[in-house]
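Architecture and fold: a report
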Amino acid sequence: MTSDDISPIRKQYLEIKRQYPDAILFFRLGDFYETFDQDAEIAARELDIVLTSRSVAKGTRIPMAGIPHHAAENYLARLIEKGFHVAICEQIGDQPVKGIFPRQVTRVVTPGTVIEPGLLPGDANNYLTCVVLGDPIETNELPAGAFQHAGIAYVDITTGEFAVTELNNPDILAAVRAELVRLSPAEILFPDGQKLTDSLPGHLTPWTAWRFEPGRCQEVILQHFEAASLDGFGLRGMTLGMRAAGGILQYLQETQPVALKLLTSLNTYSTSEFMTLDAATRRNLELTETLRTGALKGSLLGVLDHTVTPMGKRLLVQWVSKPLLSVERINQRLDGVMLLHANGMLRAEIRSALKPLNDLERLTNRVMAGTAQPRDLVAIRATLEQLPTLRERLPENETSLSELLLNFNLCTDELQLLQSALDDEPPATLQNVGVIRPGFSAELDGVVERSRHSREWIANLENVERERTGIKSLKVGYNKVFGYYIEITHSNTNLAPAEYIRKQTLVNAERYITPEMKEYETLVLNAEERIREIETRLFRELCVSLSDTARQLLATARVLAELDVLASLAETAAHGGYIRPEVVSEDILEVEGGRHPVVEQTLSGERFVPNDISFESGERVRIITGPNMSGKSTYLRQAALITLMAQMGSFVPAAAARIGVVDRIFTRIGAQDEIHAGQSTFMVEMVETANILHHATPRSLLILDEIGRGTSTYDGVSIAWAVVEYIHNHPRLRAKTLFATHYHELTQLADLLPGVRNYNVAVSEADGKVVFLHKIVAGGADRSYGIHVGQLAGLPRPVVQRANEILHQLEASSGKAVRLSPVAARQLALFPETNPLLDEIKSMDINALSPIEALNKLYEWQRKYLEE
Ligand code: ADP
């Protein structure tokens, strides 16, 4: 087949496809987006649509699969979700050139560059991030602990947020990962060939490395912001950050050029403004979702979120994910919460005024991106109309709100423009007329008026002509072929006036037209098209004027979000009986009567037992012993959550709290939920512990729950012991540490190391009944009560009794290899000297068993031995 045989449209397709080899090309043909060749096979498979074929040259057919263009959003969403990029190629202009329409790719949709509301999560940011690592340094040249560098830029093109940072860290990949986990981006762009670690959150998009060259990136940024120097952006000396930001700008130029307009500023930020929270800690503390189910309910966010707008919800997620380090800024937020906490009436008014507001941030950005529809402007107008009411409610002289008030622009010009230009109830889209309010444009009103007049003229025509001609049966009708006509029966045709032009003869009537009638007809028929054109133009102009002042709209949106979050935190505090923590820069942690914000809500009927978490001076490591299920984990997590809440600017569930800001919270919790592919639970536990020991500082808070549990008792005790010693003794560490364990041996550490204290969970044993009091008290626990937990879980009474007997024997022999005395006769030869069951029981670590595991074990034995 020579190239001459190929149809022109196929040539055009191939030409365009060549430029987008990595994307699925949606090629617009009439009302469809068609995909061809391999793209068609992918689309058919992934979207479950029919794979057909199309002839492109004599005897040659290629695979083709199409989707209707009006339903494209849904199909796009599915492809993007599966990690594909889609290039959208549209028909340009209304005239074919040499037989075919010119076509052009107008955008490439990728996970980080979507703007369609249907494809976006409503209450989370949709970030596109870019990571540029510093030049790789040969590991043997790099002295241990030396810092490596990386630049990270991120953008949310639906809100216009664009920011960049640089990281310096001995373990740069871990630091990059931590920052990406915080951002939770939809897409991660990076120079082709650059080695990133596995398991980063977000879709990875490698891109040709020359795009990230420093000179090129500098130029792109300067051009985009029409700036002469990078200094104003705080980018001086941040080459990697600049390359990351420049990479993002170029990527948007290629994929979503309209979005560039939204990026009106670039902020540099330092990760040292925020508390660092690694991925494991975010998960373990269940900040935004629960470990087991990933649900919002049961997470800290689930408790804190009483926001009433989508903007507020997004901001709250940011606050929870990025607790602050600056005492001053934390107190600023706390001041705001306190005001709204103290004044319930004000809070209720503000929240009810916020509630009806629409997502001003996203709407404004749709306007700027040129994708707004009339209903979007209606939503903006409705929101702006409510602002004065809200503004009036805010007290004028409150210093805690003064910064908010300063940025609270009522956007009256924008509102007036929208009120005067937009009809009260315009149609949802520009397909229908009636978008622009009468009186706004003389030109539009003129066309509307003429159209109305023409309609009336035609409507009256029948009566007028009947009168004029005296023909009572004269009718005015309409059909598609002739348009309007006048119909007269044959018997009356002699009365037809001279200017009637005969058009058609029927069996018993003649049809006529008149030149005047045709003129009105043209007016009527063209008017709608004309009105639509004018309205579309005026609408676009309206969007452009709004875009020009978008900065104000966005600043106001931000104020609304912040008010919403402050009110939400105040609401939570009021409901939950929280108090304002005293946040200070000294190295202290003093919480009186602290509670776990989530667990206290889930306890039905029972009362949550508050506990103090107050480190004495010199205390570094607090070892908490106590039976399973007594509340150790809860205590540990509540210490972390209370600290985190204080640093995000929230009130805390406690009677009183003084909290010195911590730079990081580390957690090593639980073993059940982290079975990574190929790594044993114990391996994961040790990797995380190693990470903590490498990165913690004296200003960190460490939460270590049952370290060493995943291995044999002796190994476990030894590792736990050594870890405590290391934290306590290493000058770089000495972090405040809460260490829960069921190894009683560790309580000896308090006698050996001055900064170690023992605590345990109080247990009451009145009348032979064991009750866990959930109260943390000074001193080490003396017993583990594992058998009691088994009893609670419903183990049969004889088993519990026998277990107690064995325990006593074991205790009497203080852990040495022991020959247990045989059980009472009715239990037969359950424990002969060489019984495998006995061996198994001996080797079992009862403390390490969950009640359900114990129960399963018993069932297993019952099956195996009693039925023999
Ligand atoms: P452990 O870590 O000691 O095994 P957990 O912290 O998991 O125990 O607590 C077990 C259960 O005890 C929790 O699910 C909760 O229902 C209850 N609990 C824990 N702490 C308290 C408390 N302070 N007040 C009331 N109930 C509590």
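Look above for the structure.
Okay, so let's go over this structure. Note that the structure is a prediction, hence the values are computed from the model and not measured.

Look at helix 16 (residues 442-469): 38 Å from first C-alpha to last across 28 residues, which is about the 40 Å you get at 1.5 Å a residue. Taken from the residues just after helix 16, Gly470 is the one with a positive phi, measuring 75°.

Turning our attention to the environment of Arg282. Structurally, Arg282 can be placed in helix 7 (residues 279-284). On a C-alpha basis, the gap between Arg282 and Pro796 in space is 40 Å, while along the polypeptide they are 514 residues apart. Not counting chain neighbours up to four residues away, the residues in contact with Arg282 comprise Val181, Arg182, Leu277, Leu287 and Ser321.

Turning next to the site of the ligand. Around the ligand, the structure places 13 residues, and the nearest of them are Val609, Met629, Lys632, Ser633 and Thr634. Within the backbone of Met629, one N or O atom sits 2.6 Å away from an oxygen atom of the ligand. In the environment of the ligand, an oxygen atom lies 3.2 Å from a nitrogen or oxygen atom belonging to the backbone of Ser630. Burial of the ligand by the surrounding chains reaches 80%, relative to a free accessible area of 560 Å².

Looking now at the sheet that holds strand 21 (residues 656-660). Two orientations exist for strands paired in a sheet by backbone hydrogen bonds: parallel and antiparallel. Sheet architecture is open: four strands sit in the order 17-21-18-19, paired in mixed fashion. The open sheet has two edge strands, strand 17 (582-584) and strand 19 (611-614), and neither has a second partner. The average angle at which neighbouring strand axes cross in this sheet is 15°, direction not considered. Here strand 17 pairs with strand 21 via three bridges, running parallel. Directly across from Val583, in strand 21, lies its bridge partner Ile659.

Right, let's talk about the sheet that holds strand 22 (residues 665-668) for a bit. As summarised here, the arrangement of the six strands in space is 22-23-24-20-25-26, forming an open sheet in which the pairing is mixed. With partners counted over all chains shown, the strands left at the sheet margins are strand 22 and strand 26 (771-778), one partner each. Ignoring which end each strand starts from, the neighbouring axes of this sheet average 15° apart. Pairing of strand 20 (residues 621-625) with strand 25 (residues 756-764) involves five bridges; the strand directions are parallel. If you follow Ile623 over to strand 25, its bridge partner there is Asn758. The sheet contacts of helix 21 (residues 681-695) involve strand 22 and strand 23 (701-705), and relative to strand 22 the element is tilted by about 155°.

This part takes up the pairing of strand 21. Alignment of strand 18 (residues 589-594) against strand 21, held across four bridges, turns out to be antiparallel. Bridge assignment links Leu589 to a residue of strand 21, and that residue is Ile659.

With that settled, consider the nonpolar core. Judged by nonpolar contacts, the single largest core of 122 residues is most densely connected at Val176, Leu377, Leu384, Leu390, Leu560, Ile665 and Leu738. When residues in this core are grouped by element, the largest group, 12 residues, is from helix 18 (residues 550-576). Leave out the neighbours within four places in its chain, and Leu560 touches Met311, Leu354, Leu357, Leu360, Leu387, Leu390 and Phe408. Leu235, Tyr251, Leu260 and Leu262 belong to the second-largest nonpolar core, a separate cluster that totals 36 residues.

Enumeration over the complete set of coordinates arrives at 45 salt bridges. The partner of Glu487 in a salt bridge is Arg511, with the nearest N and O atoms 2.8 Å apart. You can see Glu487 sitting in strand 14 (residues 483-489) and its partner Arg511 sitting in strand 16 (residues 509-513), a full 24 residues away along the chain. A relative accessible area of 13% places Arg511 in the buried class. Of the charged contacts, one joins Arg537 and Glu541 as a salt bridge, the two residues approaching to 3.7 Å between their closest N and O atoms. Of this pair, Arg537 and Glu541 both sit in helix 17 (residues 515-548), separated by four residues, roughly a single helical turn. Given the relative accessible area of 38%, Arg537 is considered partly exposed. Among the charged side chains, a salt-bridge network with shared partners connects Glu443, Arg530, Glu533, Arg537 and Glu541.

Here is what the cut-offs are and how they apply
- Residues numbered from 1 in each chain as written.
- Predicted model: local features only at pLDDT ≥ 70, side-chain atom pairs only at ≥ 80, totals over all residues.
- Heavy atoms only, no water.
- Helix = DSSP H or I, 4+ residues; strand = E, 2+ residues; numbered from the N terminus.
- Expected span 1.5 Å × (residues − 1).
- Contact = heavy atoms within 4.5 Å.
- Near = heavy atom within 4 Å.
- Polar contact = N/O pair within 3.5 Å; in protein donor to acceptor, adjacent residues only side chain to side chain.
- Areas by Shrake-Rupley, 256 points an atom, 1.4 Å probe, with all protein chains shown as cover.
- Pairing = 2+ DSSP bridges.
- Axes fitted to C-alpha atoms, helices over the stretch in contact; angles between N-to-C directions.
- Core = buried A, V, L, I, M, F, W, Y, C linked by side-chain atoms within 4.5 Å.
- Buried < 20%, exposed > 50% of the residue type's maximum accessible area, 1.4 Å probe, protein only.
- Salt bridge = Lys/Arg side-chain N within 4 Å of Asp/Glu carboxyl O.

So, to be careful, I would describe these as geometric facts and stop short of saying anything about function.
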